[in-house]
Number of protein chains: 2
Amino acid sequence: MEFLGSASDASCITRARRRQTYDDSTEFKSKNLHAERRRRQKLSDRLLTLRSLVPIITNMNKASIIEDAITYVEVLQRDVKILSDQLLEMESTSEEKEKTIRIDDQINNADDHQEMKKNGIEEDVEVTKINGKKLWMKIVFGKKRGRFTKLLEAMTYLGFEMTDTNVTACNGAILVSASVERTYEDTLEIQETKELIQQIIRSI
Amino acid sequence: MEFLGSASDASCITRARRRQTYDDSTEFKSKNLHAERRRRQKLSDRLLTLRSLVPIITNMNKASIIEDAITYVEVLQRDVKILSDQLLEMESTSEEKEKTIRIDDQINNADDHQEMKKNGIEEDVEVTKINGKKLWMKIVFGKKRGRFTKLLEAMTYLGFEMTDTNVTACNGAILVSASVERTYEDTLEIQETKELIQQIIRSI
DNA sequence: ACCGACACGTGAGTC
DNA sequence: TGACTCACGTGTCGG
């Protein structure tokens, strides 16, 4: 029932200001005094860590800390919702786009590999050397829409210069024979060039 | 200094349990008694609204409420980070995809008539006679996806046999020069052949 | 009976 | 000075 207690330290939230230092020697009071102190300190610590998580702080008050935490939680929840919605939307549109591409692919370059193989023709790339800078190559590949143009583009882009090109299309296959030299490279490795062409064909 | 105060209501957080009802009639104490009551109530309200925002609640304790709020804020922050990262990644990959598609389009089917004409190149078909059964022809036409293949198909279908074909693609145009002879027809009219080729190009 | 959580009233500090 | 916040000690419920 007595009021004057025995509180020595009082760790405040706002600052380390010492307050209400009482005498501890006189009389010992309630048994739950220390427990209550611990409880208060725990709550203050929690409040402090909460405050450390909230970026925007208006006041150092307890109530303000909680208020700021409330608004921050609301902001975070809204952000999560917005972000997940955007992500969902993006995924769906991306899937649609993929689908469109697939359909596009199917419509455009419906590959005649079947027909080609049915007629006993197989893909083939042969490269032989004519001289140091010049190669001759024979390429047989399944007809796809735009595949030859792509091959030309790719080889032009890669610096190949094709001369005396001979192209024939029959039975769902395209045969290309051409002399090739690379513009800005003095040596042309046969195997390397062959693999490059195979890679181009595979990629288109 | 007196302890027995005048607290009538005590809105607890955990439940609406009435506690510590004191007598208000006896004596009036500190002036900040009401202010303190208001402050406590405000803080309790804030804590309650904060609790309403947190989905996972372990205990109804004040400290537990704040603790749960802390962990929840951490989870939300992590979620926001993860989501924004995913979104960013998706956007970049999507942009890459778009870019790929654009490049693909540019390579494939974007009819480059505009670019071709911009570069001073015009469609052209020239046919000259080599000998009775053999012609030489030069064809310049705007690049479209599959146009060359179609040209080859059409000419094969019409019985043309092309030898020494030279194909170049640049600036959105395709130039084809080739020697041509018709398999099962002995005479090849120059003007006729030229018009036929023009018709083929127009039709595709 | 013990222990934890709570609201209370109050003194003390700050602005 | 007054308005405000804070920590304190305490009584009192509930488990």
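Keep in mind that what you see is a predicted model, and the values were worked out from it rather than measured.

Quick notes on the rules
- Residues numbered from 1 in each chain as written.
- Chains lettered and ligands numbered in written order.
- Predicted model: local features only at pLDDT ≥ 70, side-chain atom pairs only at ≥ 80, totals over all residues.
- Heavy atoms only, no water.
- Helix = DSSP H or I, 4+ residues; strand = E, 2+ residues; numbered from the N terminus.
- Buried < 20%, exposed > 50% of the residue type's maximum accessible area, 1.4 Å probe, protein only.
- Contact = heavy atoms within 4.5 Å.
- Areas by Shrake-Rupley, 256 points an atom, 1.4 Å probe, with all protein chains shown as cover.
- pLDDT = per-residue confidence, 0-100.
- Core = buried A, V, L, I, M, F, W, Y, C linked by side-chain atoms within 4.5 Å.
- Salt bridge = Lys/Arg side-chain N within 4 Å of Asp/Glu carboxyl O.
- Pairing = 2+ DSSP bridges.
- Expected span 1.5 Å × (residues − 1).

1. With respect to the overall build of chain A
- Within chain A, the regular secondary structure consists of five helices and four strands.
- Each of the 204 residues in chain A was classed as buried or not, and the buried ones make up 34%.
- In chain A, once contacts between residues fewer than 6 apart in sequence are set aside, the share between residues at least 24 apart is 55%.
- Looking at chain A as shown, the accessible area adds up to about 12900 Å², and 49% of this sits on carbon and sulfur atoms.

2. What to know about the confidence of the model for chain A
Residue and element names in this part refer to chain A.
- In the predicted model, chain A carries a mean pLDDT of 73, and the fraction of residues at 70 or more is 68%.
- Per-element confidence in chain A ranges from a low mean pLDDT of 66 for helix α3 (residues 113-118) to a high of 92 for helix α1 (residues 33-53).
- Overall, residues 1-19 carries pLDDT values under 50, and its contacts beyond four positions in sequence, including any with other chains, amount to 31 contacts.
- Low pLDDT, under 50, characterises residues 21-26; the stretch is placed with nine contacts to residues that sit more than four places away or in other chains.

3. Some remarks on the nonpolar core
- Core analysis: the largest hydrophobic core is formed by 40 residues, its most contacted members being A:Ile139, A:Phe148, A:Met155, B:Ile139, B:Phe148 and B:Met155.
- The contact partners of B:Ile139, leaving out residues within four places of it in the chain, are B:Asp124, B:Val125, B:Leu151, B:Ile174, B:Leu175, B:Val176, B:Ile197 and B:Ile201.
- One finds A:Val54, A:Ile65, B:Leu53 and B:Leu83 within the second-largest nonpolar core, a separate group that totals 31 residues.

4. Examining the pattern of salt bridges
All names here are of chain A.
- Going through the model one piece at a time under the given rule, you end up with 12 salt bridges over all chains.
- Between lysine 138 and aspartate 124 there is a salt bridge, and its shortest N-O distance comes to 3.9 Å. Note that lysine 138 is positioned in strand β2 (residues 134-142) and aspartate 124 in strand β1 (residues 124-129), a separation of 14 residues in sequence.
- By relative accessible area, which is 23% here, lysine 138 ends up partly exposed.
- Its relative accessible area of 25% is what places aspartate 124 among the partly exposed residues.
- The structure contains a network of salt bridges with shared partners spanning Glu36, Arg39 and Arg40.

5. Brief notes about the pairing of strand β4 (residues 173-182) of chain A
Residue and element names in this part refer to chain A.
- Burial runs high along β4: eight of the 10 residues are buried.
- Where β2 and β4 come together, nine bridges link them in antiparallel fashion. The partner of isoleucine 139 across the bridge, within β4, is valine 176.

6. Observations regarding α1(A)
- Taking 1.5 Å per residue, 21 residues should reach 30 Å; α1(A) reaches 31 Å between its end C-alpha atoms and fits that length.
- Along α1(A), the positions that sit buried rather than exposed are A:Leu33, A:Leu43, A:Ser44, A:Leu47, A:Leu50, A:Arg51 and A:Leu53.

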